[in-house]
Amino acid sequence: MAGNRKSNPKQVRRAFYIGRFQPFHNGHLKVISEIAREVDELVIGIGSAQMSHTPENPFTAGERILMISRSLEELDLYFYVIPIPDIYRNAEWVAHVRSMTPPFSVAYSNNPLVSRLFYESGYAVKHSPMYNRHEYSGTEIRRRMLTGEGWEQLVPPAVADVVEEVCGVDRLRQVSMKGDIE
Ligand code: ATP
Ligand code: MG
């Protein structure tokens, strides 16, 4: 959480944005920068919060909180970062999110399932453009970490720092190995 509250709490425009952020990258940052122009506060959900140490979900919820909160320090935005574990029941998922988050009136998502679930629960849903999607993509960044191709330029500097701090590339490589260590 960072920044100063901008307005009368009674009139706060508060939005929700969720991702797995494995890792948080420049596409996410650009989306959030755009949302910041439209709302006073943003609730950022860390999806699949219980997951870590797998090829698709290498980073813990705590590490992802660090990545996000450090990357957003410069933005003029009041934000909350809230871990949301999976419940594996789509029809009840929005209620699950609501039980963990400050109230919000609009959900931003480009994920079709997330959009559908919020729409069916009566929320206003907004989409953003996809920015440089072939590179600003968690899947592509994890692939590059494995092959040794450059990925640091695709994430905010604070994210590269966190990955280094937790030896994230080593971790991803090890948990992606097939078979036993011999
Ligand atoms: P992965 O490949 O691991 O699924 P991802 O890049 O899709 O990673 P997510 O954490 O799944 O990242 O995405 C969270 C939200 O951000 C989703 O709504 C997704 O559509 C959106 N998003 C992801 N990449 C971009 C991008 N380059 N530009 C705009 N929105 C993006
Ligand atoms: Mg995705």
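Placed above this text is the structure.
Residues numbered from 1 in each chain as written. Chains lettered and ligands numbered in written order. Predicted model: local features only at pLDDT ≥ 70, side-chain atom pairs only at ≥ 80, totals over all residues. Heavy atoms only, no water.

Caption draft 1: View of the side chain of R142. Mapped onto the elements of the fold, R142 is located in helix α5 (residues 138-147). Buried and unpaired, R142 has no salt bridge, with E56 as the nearest side chain of opposite charge at 5.8 Å. Leave out the neighbours within four places in its chain, and R142 touches R20, Q22, P55, E56, P58 and L172. (Helix = DSSP H or I, 4+ residues; strand = E, 2+ residues; numbered from the N terminus. Buried < 20%, exposed > 50% of the residue type's maximum accessible area, 1.4 Å probe, protein only. Lys, Arg positive; Asp, Glu negative; His and termini not counted. Salt bridge = Lys/Arg side-chain N within 4 Å of Asp/Glu carboxyl O. Contact = heavy atoms within 4.5 Å.)

Caption draft 2: Just the pairing of strand β1 (residues 14-19), in detail. Burial of β1 is extensive: six of the six residues sit out of reach of the surface. Here six bridges tie β1 to strand β2 (residues 41-46), and the two strands are oriented parallel to one another. Across the sheet, the residue bridging to I18 is G45, located in β2. Crossover connection from β1 via helix α1 (residues 26-36) to parallel β2: handedness right-handed. Here three bridges tie β1 to strand β4 (residues 106-108), and the two strands are oriented parallel to one another. Residue Y17 lies in a different strand from β4, and its bridge partner there is Y108. (Pairing = 2+ DSSP bridges. Right-handed = clockwise from strand over helix to strand, strands pointing away.)

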